[in-house]
Amino acid sequence: MPVPRVGDDMSVDGPDNAVLTAAQEKEIVRELTEAAEGQVQEGDTFYLISYRWWRLWLDYVETTDLSSSEGGETLTAFTPGSFGPFSKRPSSIENSDLVLDAASSEDQKSEPDLKENLIEDRDYILLPEQVWMAFHKWYGGGPALPRKVITMGYGSHEDLAVEVYPLQVHLIVQPPGTKASLRFSKKDTVGKLQQTVCEHFKLELENVRIWDYFNKQKNKQLTEPSKSLQDAYIHMNQEILVEVRRNGKWPDSIISSTGKSPVSSSSAISNGSNGSSAGREMSVLSESRSIANGPPASKPGTRNGSNLGYPTYSMDKEKESDGWLGSSSGAVRAGPKGVTGLQNLGNTCFMNSALQCLVHTPPLATYFLQDYTPEINRHNPLGMEGELAIAFGELLRKLWAPGKQPVAPRQFKTKLARFAPQFSGYNQHDSQELLAFLLDGLHEDLNRVKNKPYVEAKDADGRPDREVATEYWANHRSRNDSIIVDVCQGQYKSTLVCPTCSKVSVMFDPFMYLSLPLPAKTTRTMTVTVFSGDGSAPPTSYTVTVSRQGRYKDLIQAIGSACNLGSEERLILAELYNHRIFRVLDEPLEWLTAIRDDDRLGAYRLPKTSEKGTLLCLLHRRLESDTYTPKNSPQWKLFSAPLITSLPEEAPTGADVVKIVKKLLTPMERSERVLPAESMDLEGERTVDDTPQEDVDMVEGGSENPSHSGKNGNGEHVQSDSPDVIQKQPESPFQLWITDDKGTTREGSILMDKQMPPAANSARATAKVRYVAVDWSATALEQEYDMSKVDMPPEVLRTGLPATSKKARQEAVSLYTCLEAFLKEEPLGPEDMWYCPRCKEHRQASKKLDLWRLPEILVVHLKRFSYSRYLKNKLETFVNFPVDDLDLSKYVASTSESQGHVYELYAVSNHYGSMGGGHYTAYVKLVDENKWYNFDDSHVSPVNESDIKTSAAYVLFYRRIRSEESPLRTDEADSVVTSVGSNQKDVPDVVDADMTGASSHFLPP
């Protein structure tokens, strides 16, 4: 059934084109959404809409669940409340928080660039096309952000996904060096690229050669029109060289005999100015390490030279140089092996961190540096035809090659995206989820069992645990036998007890890693800025601790106690965004989980008598420029935080409003007025305008019917008096105008001797709230008022700061404590009921885990990320983990285990920053040097062992300590490399690029 078009079977208009009620809008959105469910096809269009605006609309329609009665998917993750006087119909759609250019849709000629690291259901919502059309008809606004549905994955695991971040490539035409940036879908073909390039530059196809110009080197000519850009290894923000034949001749080789490119580095397109949406990952780290608007570590590069002392073969028939096959750029000096970084291809730090930990796992390094092709299982229906294992093995060999030039893992990422669509694109992902997929995928690709026998697990029935465990392990190994099982898989004992009949069920299951819970914090630290409503004090920020499961009223009470709120006072709690009131949090029973850590909150201190009166909201604006040109209208831009006070019961005059505003601004007055050197009269004496503000008839407003239209700093239209009028006005601190809740209009000037004009014609303006724009003069901001005191409040919680890290250390927990929490007995949840074979019913049994068999390599995942319906949160708890002597002896239930249970740490995957963004790095120990290194994408540097314990530790890698065992040493790696290089039969076979019919194996989420 086709998705109904707006206006076909259902109307989005009210009777006689009247504005629809909230209930009507809700019902229409429900019907359109249900009609679109299950009918999505490749090529369909979805639209991004700001989660902030979406949340306002949900509050307006007063609903918590827009799913169908038959159990359709929920459209919201936020429980709405009433915003009192502010809770009115939302104003126009505002997606400015999603884009780099905040211009309005009316003024946007081309599609704006998305900000980096946007997360669905946190930053944006995806709406079917017809739902977006309905919203835009009702509310207007924008900008519109359409995105296409594409097919991801391969074979039986194909899936549909919305391509939120299309590829952006940078074209360089030679000659004459013209540049352009264009967007493509990763599923677009090379032929589409060729056609678009010719149309854009008005070229003939037969006179054009297009090259993969990654790292400013001609890597491969793109000649297969049917191949997708993804399969051609084209990545976000990559440069493409377009060679043009002139007069029958092609340009000279880009790489000249001197090694210099005619396309100079100065003419290269800067990642910092191209407006891409692929790469700021380090928003929480120090600014000195941040890289704006481009792939964080994709610096113009140098590739490894050819004289590497390493076999120069490739398992890919296309033989693409990823930084180790060499070039004419010269030899790279020999250096220690295993200290090679990985280039960031655009938010791939999660992948780089996981890969560095795996390739430095001694048994895996030894295995993949030797001939592993006999064990590749190309016919395993759960595997990937050996493609993942070969891609990983080839990458590992590059990273163990001598030299320190970073490797670009382009082929590996392409293979990964083919078999695991969840890791495609250029959003940030979870390094542990990637590790889980890689370990499982490598196992299936290298499974020595070609035909898996059918085995049936038998119940223990009172048999000894040792016998049952051995049976379970033998059954498992009969179907699963690989290097991954050999070194990474262990076994635990799972005991279930029926609460009704006391039936005991014992099972012995394999595990690849341990996911340990962190002790849940019951409290939450929140920072709120309190603004005085009478000008008696400057804004002050308070940090309070409240229950994590608390409500708005708990936060208001805590802030009230912190600021010594009087018995006759009240607080209005509001979320501030873009220098205005975004929403008022006035539902006392609303859960605090609806407030995100990166929200900014203000609490306005007012007398209780203001509950029945009218509130005055001041929005501060300033001109972007002091000059006017015929082509550019004045642009007013919101700044500072809004202020709220109460108005007198009687209709106030302009003079009353001026006195109220001046009183409110008293804390911001400078103690000494600053006079510029230019402020001199004709005789050389300084002059000061001491004319009282009250002596001016108009509150510095201009004409009563301003007609000159301009734009504010967000690209939205504002009304402005004409330049001639402005030039004739006497100098004054500010002008007051009636405006809307966004501060985007001038709908009436406030005159001293007249009553305050009526409220602006805004959907959210009411008789209970009056919005006034305070248009500041530059002179007043420099000389009279210090508005920095009214800056926007800090975030509710900013992670990664020194204070946060210090507090985390004070609240440290032991890794053993986390392990004990994982192993403790607990009842199953209602959604995980166990079927008791004796009762013949599902029971909420108790479950107890015990470690039974430990692997050679123990991977420990610290569950830092928590999920709820309303909030995705990261725990910054400092876990004190052993480095040299993790002793698990007392946690192993088996008494027959002859191997030791003591482990040493050799790698750590770290995550810094908030959930959904932040940055991943890895600490790795080279055991032959007994030295730790910090792998930060392409940057590798030594680190002290004492510094590797941080609250950023996310995945820990331990190796069993054996007295007779020696770890992989770089001299052993040399001998392995030499063996491989001298014996060509050890070289894995070339893999057929035609992977039709391949399938992939996914772990459950």
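Residues numbered from 1 in each chain as written. Predicted model: local features only at pLDDT ≥ 70, side-chain atom pairs only at ≥ 80, totals over all residues. Heavy atoms only, no water.

*Asks:* Sorry if this is basic, but what is going on with the sheet that holds strand E13 (residues 504-511) here?
*Replies:* Strand pairing in a sheet takes place through backbone hydrogen bonds and is either antiparallel or parallel in direction. With antiparallel pairing, the 4 strands of this open sheet are ordered in space as E13-E12-E31-E28. Here the strands that pair on one side only, and so sit at the sheet edges, are E13 and strand E28 (826-827). Together, strand E12 (490-497), E13 and strand E31 (846-853) form the strand contacts of helix H10 (residues 465-479), whose direction differs from that of E13 by roughly 40°. (Pairing = 2+ DSSP bridges. Helix = DSSP H or I, 4+ residues; strand = E, 2+ residues; numbered from the N terminus. Contact = heavy atoms within 4.5 Å. Axes fitted to C-alpha atoms, helices over the stretch in contact; angles between N-to-C directions.)

*Asks:* Looking at this model, I keep getting lost on the confidence of the model for the chain. Mind explaining?
*Replies:* In low-pLDDT segments, the atomic positions of the prediction should not be examined closely. Chain-level statistics for the chain give a pLDDT mean of 74 and a share of 71% at 70 or above. Mean pLDDT per element in the chain: helix H14 (residues 723-728) is the minimum at 38, and strand E41 (residues 953-960) is the maximum at 96. In this model residues 677-730 is a low-confidence stretch, pLDDT under 50, and it forms 125 contacts with partners more than four residues away in sequence or in other chains. (pLDDT = per-residue confidence, 0-100.)

*Asks:* Looking at this structure, how should I read the nonpolar core?
*Replies:* For soluble globular proteins, nonpolar side chains are generally found buried alongside one another. Phe392, Phe412, Leu416 and Phe957 are the most contacted members of the largest nonpolar core, which has 59 residues in total. When residues no more than four places from it in sequence are discounted, the contact partners of Leu416 are Met351, Phe423, Leu434, Phe437 and Leu438. Cys617, Leu619, Ile738 and Met752 belong to the second-largest nonpolar core, a separate cluster that totals 42 residues. (Core = buried A, V, L, I, M, F, W, Y, C linked by side-chain atoms within 4.5 Å. Buried < 20%, exposed > 50% of the residue type's maximum accessible area, 1.4 Å probe, protein only.)

*Asks:* Whenever I open this one, the environment of Gly550 confuses me. Can you help?
*Replies:* Counting through the fold element by element, Gly550 comes out in the loop between strand E16 (540-547) and helix H12 (552-562). Exposure remark for Gly550: the relative accessible area of 4% places this residue in the buried category. With 39 residues separating them along the chain, Gly550 and Leu589 place their C-alpha atoms 8.7 Å apart. Setting aside residues no more than four positions away along its own chain, Gly550 makes contact with Glu590, Trp591 and Leu592.

*Asks:* What should I look at first to understand the packing of helix H5 (residues 349-359) against helix H7 (residues 387-399) in this one?
*Replies:* Each pair of packed helices gets described by two things: the angle between the helix axes and the distance between those axes. One can describe the packing of H5 onto H7 by two numbers: an axis separation of 11 Å at closest approach and a directional angle of 80°. What the angle tells us is that H5 and H7 run roughly perpendicular. Where H5 abuts H7, its residues Leu355, Gln356, Leu358 and Val359 lie against Phe392, Leu395, Leu396 and Leu399. For the contact of H5 with H7, the class distribution of residues is 7 nonpolar, 1 polar and no charged. (Parallel < 35°, antiparallel > 145°, perpendicular 65-115°, else oblique. Nonpolar A, V, L, I, M, F, W, Y, C, P; charged D, E, K, R; others polar.)

*Asks:* What am I meant to see in the pattern of salt bridges here?
*Replies:* This structure, assessed with the given rule, holds 41 salt bridges. In this structure, Glu575 and Arg55 form a salt bridge, with 3.1 Å as the shortest nitrogen-oxygen distance. Here Glu575 is found in strand E17 (residues 569-577), whereas its partner Arg55 is found in helix H2 (residues 51-61), with 520 residues between them in sequence. Of the two residues, Glu575 and Arg55, neither departs from the other in class, the shared state being buried. The salt bridge involving Arg477 is made with Asp486; its shortest N-O contact spans 2.8 Å. For Asp486, a relative accessible area of 32% corresponds to the partly exposed category. (Salt bridge = Lys/Arg side-chain N within 4 Å of Asp/Glu carboxyl O.)

*Asks:* Teacher, can you tell me more about H2 here?
*Replies:* Because an α-helix completes one turn every 3.6 residues, residues spaced three or four positions apart along the sequence face the same direction. With 11 of its 11 residues buried, H2 lies for the most part within the structure. For H2, the set of buried residues is Tyr51, Arg52, Trp53, Trp54, Arg55, Leu56, Trp57, Leu58, Asp59, Tyr60 and Val61. Backbone nitrogen of Arg52 and a side-chain oxygen of the N-cap are separated by 3.2 Å at the start of H2; the cap is Ser50. (Polar contact = N/O pair within 3.5 Å; in protein donor to acceptor, adjacent residues only side chain to side chain.)

*Asks:* Can you walk me through the side chain of Asp775 in this structure?
*Replies:* Turning to its location among the elements, Asp775 is positioned in strand E26 (residues 769-776). The class of Asp775 is buried, set by a relative accessible area of 1%. Only 2.7 Å separates the side chain of Asp775 from the side chain of Arg621, close enough to count as a polar contact. Contact partners of Asp775, with chain neighbours within four places excluded, come to Arg621, Trp636, Pro733, Phe734, Gln735, Trp737 and Arg746.

*Asks:* Help me understand the pairing of strand E25 (residues 734-738), please; the structure alone is not making it clear to me.
*Replies:* Regular strands show a simple pattern: their side chains alternate between the two faces of the sheet. For E25, the buried fraction is high: 5 of the 5 residues fall into the buried class. Both faces of E25 are covered, namely the face carrying Phe734, Leu736 and Ile738 and the face carrying Gln735 and Trp737. In this structure, E25 lies alongside E26, joined through 5 bridges in antiparallel fashion. Bridged to Ile738 within E26 is Val772.

*Asks:* How should the side chain of His919 be read in this particular structure?
*Replies:* Following the sequence through the fold, His919 ends up in strand E38 (residues 919-926). Side-chain polar atoms of His919 contact the side chain of Asp936, separated by 2.7 Å.

*Asks:* Any chance you could explain unusual backbone geometry here in plain terms?
*Replies:* Among all residues save glycine, negative phi is the norm, and among peptide bonds the norm is trans. Pro143 follows Gly142 through a cis peptide bond whose omega is 0°. Looking at where Pro143 falls in the secondary structure, it is placed in the loop between strand E4 (141-142) and strand E5 (146-152). Here the residue pair Gln174 and Pro175 is connected by a cis peptide bond, since its omega of -15° sits within 30 degrees of zero. Positive phi, normally seen in glycine, also occurs at Asn237, with a value near 65°. Its location among the elements puts Asn237 in the loop between strand E10 (220-221) and strand E11 (239-244). Non-glycine residue Asn247 carries a positive phi angle of around 55°. Secondary-structure assignment places Asn247 in the loop between E11 and H5. On the accessibility criterion, Asn247 (81% relative accessible area) is exposed.

*Asks:* Can you help me understand the environment of Ala780 in this one?
*Replies:* In this fold, Ala780 is placed in helix H15 (residues 778-783). Residue Ala780 is classed as buried on the basis of its relative accessible area, which comes to 0%. The spacing of Ala780 and Glu669 is 111 residues in sequence and 9.8 Å in space, taken between C-alpha atoms. Setting aside anything within four residues of it in sequence, one finds Ala780 in contact with Pro733 and Tyr785.

*Asks:* Sorry, what's going on with helix H6 (residues 362-369) here?
*Replies:* In terms of residue burial, H6 counts as a mostly covered element, since 6 of its 8 residues are buried. Inspection of H6 places Pro362, Leu364, Ala365, Tyr367, Phe368 and Leu369 among the buried residues, and these make up the whole buried set.

*Asks:* Can you walk me through the packing of aromatic side chains in this structure?
*Replies:* Here a ring pair, both rings aromatic, is described through the centre-centre distance and the interplanar angle of the planes. On inspection of all chains with the given rule, the structure shows 25 aromatic pairs. Relative to Phe423, the ring of Phe350 lies with its centre 6.1 Å away and its plane at 25°, an arrangement referred to as stacked. Taken as a pair, Phe350 in helix H5 and Phe423 in the loop between helix H8 (410-419) and helix H9 (431-445) lie far apart in primary sequence, 73 residues in all. On the basis of relative accessibility, which here comes to 3%, the residue Phe423 falls in the buried class. One aromatic cluster is present, built from ring pairs that chain together Trp53, Trp54, Trp57, Phe135, Trp138 and Tyr139. Lying over the aromatic face of Phe214, Arg410 brings its terminal NZ or CZ to 4.3 Å of the ring centre. Above the face of the Phe639 ring, Arg622 is positioned so that its terminal group lies 4.4 Å from the ring centre. (Phe/Tyr/Trp six-rings, centres within 6.5 Å; stacked < 30°, edge-to-face > 60°. Lys NZ or Arg CZ within 6 Å of the ring centre and 35° of its normal.)

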